[in-house]
Amino acid sequence: MGHLRPYKNIDHVLRAWAAHVNGAHYRGDRLIVWGTEPSYRSERTDNGAYGGTAVEWRGGGYRYSEIRDGRFSGFKGNLCVYSEASQSGIQVLSAQLGVVPIVSNVSALPEYQAPGLPVLDPTDLGGLVHVLDHIADPDVATTLGRIAREFYASINSGGRVTKELAAMLEQSVEHS
């Protein structure tokens, strides 16, 4: 999702998706590549490689209100297996909405990942295929999505933020 730049590791994701589609755990799902670089798609033809018709390319943007109101309902996961440093708003958005983020171990991505949720090396094709196979089961995807949402809420709840802000203010007053 978002601006489809090379660091988003699209080719790696597409190779893993193709392996998943051709494996025993595929359940008819589609990989949706949603972003603002339509030329990226034209460089990767739809000739059956990379999962063929099991990949849907969507151009353009989206509004949070559209997403919050169910446009992402039914999504089993969100792939943020970036090859370069980034912190992804898409990862945070996924967690807010109960869609399991699958992230790479670069930059701040692991920091925002709930314990026990996938964190992969951005070159680990087998690991990504394994995760795709695992979350193909809708019950697993729902469980992991709930874990992501609960973790996000636990670190971003009003009470927790208020408590941390109060502690920072207290330290500031003590040192002034």
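This structure is a prediction, so every number in the text was calculated from the model and none was measured.

Visitor: Help me out: how do you make sense of the nonpolar core in this one?
Guide: Nonpolar side chains tend to gather and get buried jointly when the protein is soluble and globular. Ranked by size, the top nonpolar core spans 29 residues in total, and within it L31, I102 and L128 carry the most contacts. The dominant element in this core, judged by the number of residues it contributes, is helix α1 (residues 10–21), at six residues. Counting residues in each nonpolar core, the second largest holds six residues, with C80, Y82, I90 and L109 among its members.

Visitor: Help me understand the side chain of D133 in this model?
Guide: Following the sequence through the fold, D133 ends up in helix α5 (residues 125–135). No salt bridge is formed by the buried D133. Its closest oppositely charged neighbour is R27, at 9.1 Å. Apart from residues lying up to four places away in sequence, D133 is in contact with H20 and H25.

Visitor: What should I look at first to understand the packing of aromatic side chains in this one?
Guide: To describe a pair of aromatic rings, one takes the distance between the centres and the angle between the planes. Throughout the structure, instances matching the rule amount to two aromatic pairs. Their ring planes at 80° and their centres at 5.4 Å tell us that Y7 and Y82 sit as a pair that is edge-to-face. Of the two residues, Y7 sits in the segment before α1 while Y82 sits in the loop between β3 (77–80) and α4 (89–97), which places them 75 residues apart along the sequence. Relative accessible area serves as the criterion here: at 25%, Y7 is assigned to the partly exposed category. Look at Y82 and you get buried, because its relative accessible area is 3%. Geometrically, the ring pair formed by W17 and Y26 is edge-to-face, given 6.2 Å between the ring centres and 85° between the ring planes. A relative accessible area of 26% means that Y26 is categorised as partly exposed.

Definitions and limits used
Residues numbered from 1 in each chain as written. Predicted model: local features only at pLDDT ≥ 70, side-chain atom pairs only at ≥ 80, totals over all residues. Heavy atoms only, no water. Core = buried A, V, L, I, M, F, W, Y, C linked by side-chain atoms within 4.5 Å. Buried < 20%, exposed > 50% of the residue type's maximum accessible area, 1.4 Å probe, protein only. Helix = DSSP H or I, 4+ residues; strand = E, 2+ residues; numbered from the N terminus. Lys, Arg positive; Asp, Glu negative; His and termini not counted. Salt bridge = Lys/Arg side-chain N within 4 Å of Asp/Glu carboxyl O. Contact = heavy atoms within 4.5 Å. Phe/Tyr/Trp six-rings, centres within 6.5 Å; stacked < 30°, edge-to-face > 60°.

That is the geometry; function is a separate question.
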